Amino acid sequence: MSERLYIFDTTLRDGEQVPGCQLNTVEKIQVARQLEALGVDVIEAGFPISSPGDFKSVVEISKAVTWPTICALTRAIEKDIDVAAQALEYAKHKRIHTGIGTSEQHIRYKFNSTPEEIIERAVAAVKYAKKYVEDVEFYAEDAGRTDNEYLARVIDAVTKAGATVCNIPDTTGFRLPGEYEAKIRYLYEHVDAFAAGKSILSTHCHNDLGMATANTIAGVLGGARQVEVTVNGIGERAGNTSLEEVVMILKTHPDIGIDTNINTTKIWATSRMVSSLMNMPVQPNKAVVGRNAFAHSSGIHQDGVLKNASTYEIMDPKAVGIDDNAIVLTARSGRAALKHRLHVNGVDVEDKRLDAIYEDFLRLADKKKEVTDDDILMLAGADRATAHNVKLDYLQVTTGKGVKSVASMGLDIAGEKFEACASGNGPVDAAIKALKNIIRRQMTLKEFTIQAISKGSDDVGKVHMQVEYDGQAYYGFGANTDIVTASVEAYIDCINKFRH
Ligand code: KIV
Ligand code: ZN
């Protein structure tokens, strides 16, 4: 009989901390419902004291999902815990995740404290959280760099105070897999609560040195029975452990004897949904969910796979939900085909929204021979812009070698029409100058990246921008076969996010 491993998903908390990936509450609910369908055990929905937006998201996600436990993060501070408990009011199953830094660096430089005082604060926070909820998880931040003997004292104390889960984060992504496994095993062997079944150990690994998944699996081998992961491995810096990698490693290695509750056939759709809503492309060669993860291009491999898939494939693409009967969409495809492809990619739309996406799809299909899944996900995301205050009505640019680029543009601002033109150093510069002639604010473009989604000169260009306004950085996104239009749309996306 396999042992059960709990999947704690932190896409909406640690994953969402990535600059430019912030979701609004409606989008977070969409992701939370998908995570529920995927079968995760715990959804870390946010850090309620950090902002009113995070507080609201925890409240709304608590109402929207039924069976996963909803978890809220806090520091080891009473006010944080009060606010988290309030945000979790509607959750059917609730958990408070509280903790404090335990490494020498954190104790000395962050808290200007002593090891003994940190234990007292950790215990006090767990006891305080227990007044509100039965299920309290403790995290020892920077446990990866914390001395094992001291860490065992901290963990022993918090389990005695009632911590039901103990999270051992490798916050800086520093540990080697063998070292992380030894740390987890040391804790399992030196803290009575684990063998007694009163608490479980959890991994929480970061990918700074590309070892997050290896460390997580090592932690499981060492005795952890919960893993903290994100979809597509998104997260600050190099990211967190990716959910799909851990789940598929355990599935393809039944000899490890560990099972999860994940319905793996929903992995692909979940990955696409998160990538599209967060405007965070998945690298093509990413394990399990990259576009090329199952694409065999060498003649020898293709020949082998056609004779028998097991020659070069260790996983069946269908097991992760890749539908190999993918219909290629063209200008002749109807609404039903579009709806089906959206559904396969995790986006379910009602008829009115489908009509709007279909219009955009036809315009794109006129420009491209084949419309890919990435394209339609972009279209499904792009239609969110219709709710925005500032919209691009038209854009015309003349450019070329030996001539000055000139742009003329029309904007619709809350129903009122504005027009302007400008010349510039290249087509994007001219278009943005025209935009600034209408929207006269002190805005500075800080970052600008253009990326092709797949291949071909008719491809859709995705533009990510960072614009600084009133001391604040705003992130915007645009996608179009015309990269100048995509750039202007990304700039407008930033403007639509300005707080005033
Ligand atoms: O990486 C980390 O240490 C964390 C904790 C706050 C759980 O995300
Ligand atoms: Zn983290």
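Model, not experiment: these values are computed from the prediction. Numbering of residues begins from 1 in every chain and follows the order in which that chain's sequence is written. Starting at A for chains and at 1 for ligands, labels are handed out in the order in which the entities are written. Thresholds applied to this predicted model are a pLDDT of at least 70 for local features of residues and 80 or more for the giving and counting of side-chain atom pairs; totals over whole chains, interfaces and linings are not thresholded and use all residues. Excluding hydrogens and water, the side-chain values take into account all heavy atoms of the structure.

A. Here's a closer look at the overall build of the protein chain. Helix and strand content of the protein chain: 17 helices and 16 strands. Every radius of gyration here is taken over C-alpha atoms, with the globule rule written as 2.2 Å times N^0.38, N being the number of residues. Radius of gyration (C-alpha) of the protein chain: 25 Å, near the 23 Å computed for a compact globule of 500 residues. Its C-alpha atoms give the protein chain principal-axis dimensions of roughly 75 × 60 × 40 Å. Residue burial is assigned from relative accessible area. The probe radius is 1.4 Å, only protein chains are included, and a residue is buried under 20% of its type maximum, exposed over 50%, and partly exposed in between. Of all 500 residues assigned to the protein chain, the portion counted as buried reaches 53%. Relative to all contacts within the protein chain whose residues are 6 or more apart in sequence, the contacts with residues 24 or more apart total 64%. Each accessible area value is a Shrake-Rupley result obtained with a 1.4 Å probe; residue values ignore everything except the protein chains displayed when judging cover. A total accessible area of about 22,800 Å² is found for the protein chain, and carbon and sulfur atoms account for 50% of it. For the charge count, each Lys or Arg is scored as positive and each Asp or Glu as negative, with His and the chain ends excluded. The location of each charge is read from NZ of Lys, CZ of Arg, CG of Asp or CD of Glu. Side chains of the protein chain give 57 positive and 68 negative charges; the mean places of these two sets differ by 3 Å. Where helices and strands are cited, they refer to DSSP runs of H or I of at least four residues and of E of at least two residues respectively, numbered from the N terminus. Any pair of residues with heavy atoms lying within 4.5 Å of one another is described as a contacting pair.

B. Structural context of the pairing of strand β3 (residues 42–46). Of all five residues in β3, five are buried; the element is thus mostly enclosed. Of the strand pairs in this sheet, strand β2 (residues 6–9) and β3 are connected by two bridges, and their pairing is parallel. When the sheet's bridge partners are listed, Phe-8 is paired in β3 with Val-42. By definition, the crossover connecting two strands over a helix is right-handed if that path, from the first strand to the second, turns clockwise as seen with the strands pointing away from the viewer. Handedness of the β2-helix α1 (residues 25–38)-β3 crossover: right-handed. The criterion for strand pairing is that DSSP finds at least two bridges linking the strands in question. In terms of strand pairing, β3 meets strand β4 (residues 69–73) through four bridges, oriented parallel. The partner of Val-42 across the bridge, within β4, is Thr-69. In this fold, β3 hands off to helix α2 (residues 52–64), which returns the chain to β4; that crossover is right-handed.

C. Spatial organisation of the environment of Gly-197. Tracing the chain through its elements places Gly-197 in the loop between α8 (192–195) and β8 (200–205). For the pair Gly-197 and Thr-164, spaced 33 residues apart in sequence, the C-alpha to C-alpha distance is 9.4 Å.

D. Main features of a nonpolar patch on the surface. Patch membership requires more than 30% relative accessible area and the absence of a salt bridge. Residues of like charge join within 9 Å; the nonpolar side chains Val, Leu, Ile, Met, Phe, Trp and Tyr join within 5 Å. Put simply, a salt bridge is a Lys or Arg side-chain nitrogen that is within 4 Å of an Asp or Glu carboxyl oxygen. Where nonpolar side chains cluster on the molecular surface, the patch consists of Leu-445, Phe-448, Ile-450 and Ile-483 and spans about 310 Å² of accessible area. Considering every element that reaches the nonpolar patch, the biggest residue donor is strand β14 (residues 443–452), with three residues. Its place among the elements puts Phe-448 in strand β14. Overall, Phe-448 belongs to the partly exposed group, its relative accessible area being 35%.

E. Up close: the coordination of the zinc ion (ligand 2). All of the protein donors around the zinc ion (ligand 2) are Asp-14 (OD), His-204 (NE2) and His-206 (NE2); their distances to the metal are 2.0 to 2.2 Å. Coordination shells were defined by N, O and S atoms within 2.8 Å of each metal, extended to 3.2 Å for Na, K and Ca; water is absent from the atom set, which can make sites look incomplete. Taken in chain order, the donor set of the zinc ion (ligand 2) reads D-x189-H-x1-H. Classification of His-204 by relative accessible area gives buried; the value is 4%. Classification of His-206 by relative accessible area gives buried; the value is 6%.

F. Representation of the sheet that holds strand β12 (residues 405–413) in the model. Strand order in this open sheet of three strands is β11-β12-β13, and the pairing throughout is antiparallel. Lying at the two open borders of the sheet, with one neighbouring strand each, are β11 (390–398) and β13 (416–424). On average, each strand axis in the sheet is inclined to that of its neighbour by 15°, with strand direction left out of account. Bridge count between β12 and β13: nine bridges; the pairing is antiparallel. Within β13, the residue paired with Asp-412 across the bridge is Lys-417. Angular values range over 0 to 180 degrees, each being the angle between N-to-C directions of two axes fitted as lines to C-alpha atoms, with helices fitted over their stretch in contact. Contacting β11, β12 and β13, helix α16 (residues 427–438) runs over the sheet at an angle of about 140° to β13. In the packing of helix α17 (residues 483–497) onto the sheet, the strands contacted are β11 and β12, and the crossing angle to β11 comes to about 150°.

G. Local environment of the nonpolar core. For this analysis, a nonpolar core means a set of buried residues of the types Ala, Val, Leu, Ile, Met, Phe, Trp, Tyr and Cys, connected via side-chain atoms within 4.5 Å. Grouped together as the largest cluster of nonpolar side chains are 92 residues, with contacts concentrated most on Ile-7, Phe-138, Ile-155, Ile-168 and Ile-267. The leading source of residues in this core is helix α5 (residues 115–130), at eight residues. If we ignore the near neighbours within four places in the chain, the residues touching Ile-267 are Leu-38, Glu-244, Val-247, Met-248, Ile-262, Val-288, Val-289 and Val-320. Val-390, Met-409, Met-465 and Val-488 belong to the second largest nonpolar core, which has 29 residues in total.

H. Main features of the packing of aromatic side chains. Here a pair means two rings of Phe, Tyr or Trp (six-membered ring of Trp) with centres within 6.5 Å. Their orientation is stacked below 30 degrees between planes, edge-to-face above 60, and tilted elsewhere. Under the counting rule described, the total for this entry stands at five aromatic pairs. A ring pair is formed by Tyr-188 and Phe-194, whose centres lie 6.4 Å apart and whose planes are at 20°; its orientation type is stacked. Owing to a relative accessible area of 5%, Phe-194 belongs among the buried residues under this scheme. Ring geometry for Tyr-469 versus Phe-498: centroids 4.2 Å apart, planes at 15°, classification stacked. Linking Tyr-469 in strand β15 (residues 461–469) with Phe-498 in the segment after α17, this pair joins segments that are 29 residues apart in sequence. A relative accessible area of 11% places Tyr-469 in the buried class. Residue class for Phe-498 comes out buried when judged on its relative accessible area of 10%. Three or more aromatic residues joined by ring pairs form one cluster here, namely Tyr-469, Tyr-474 and Phe-498. Charge-over-ring placement is defined geometrically: NZ (Lys) or CZ (Arg) within 6 Å of the ring centre, and within 35 degrees of the ring normal. In this structure, Lys-63 packs its charged tip against the face of Tyr-90, placed 4.8 Å from the ring centre.

I. Region of the structure containing the sheet that holds strand β9 (residues 226–229). Read around the closed barrel, eight strands run β2-β3-β4-β5-β6-β7-β8-β9, paired in parallel fashion. Between one strand axis and the next, the sheet turns by 25° as a mean value, whatever way the strands run. Pairing between β8 and β9: three bridges, direction parallel. Within β9, the residue paired with Ser-202 across the bridge is Gln-226.

J. Structural view of the pairing of β8. Counting buried positions over the six residues of β8 gives five, a clear majority of the element. Sheet topology places strand β7 (residues 165–170) next to β8; six bridges connect them, and they run parallel. In the strand pairing of β8, Cys-166 is matched with Leu-201. This β-α-β element, β8 to helix α9 (residues 212–222) to β9, shows right-handed connectivity.

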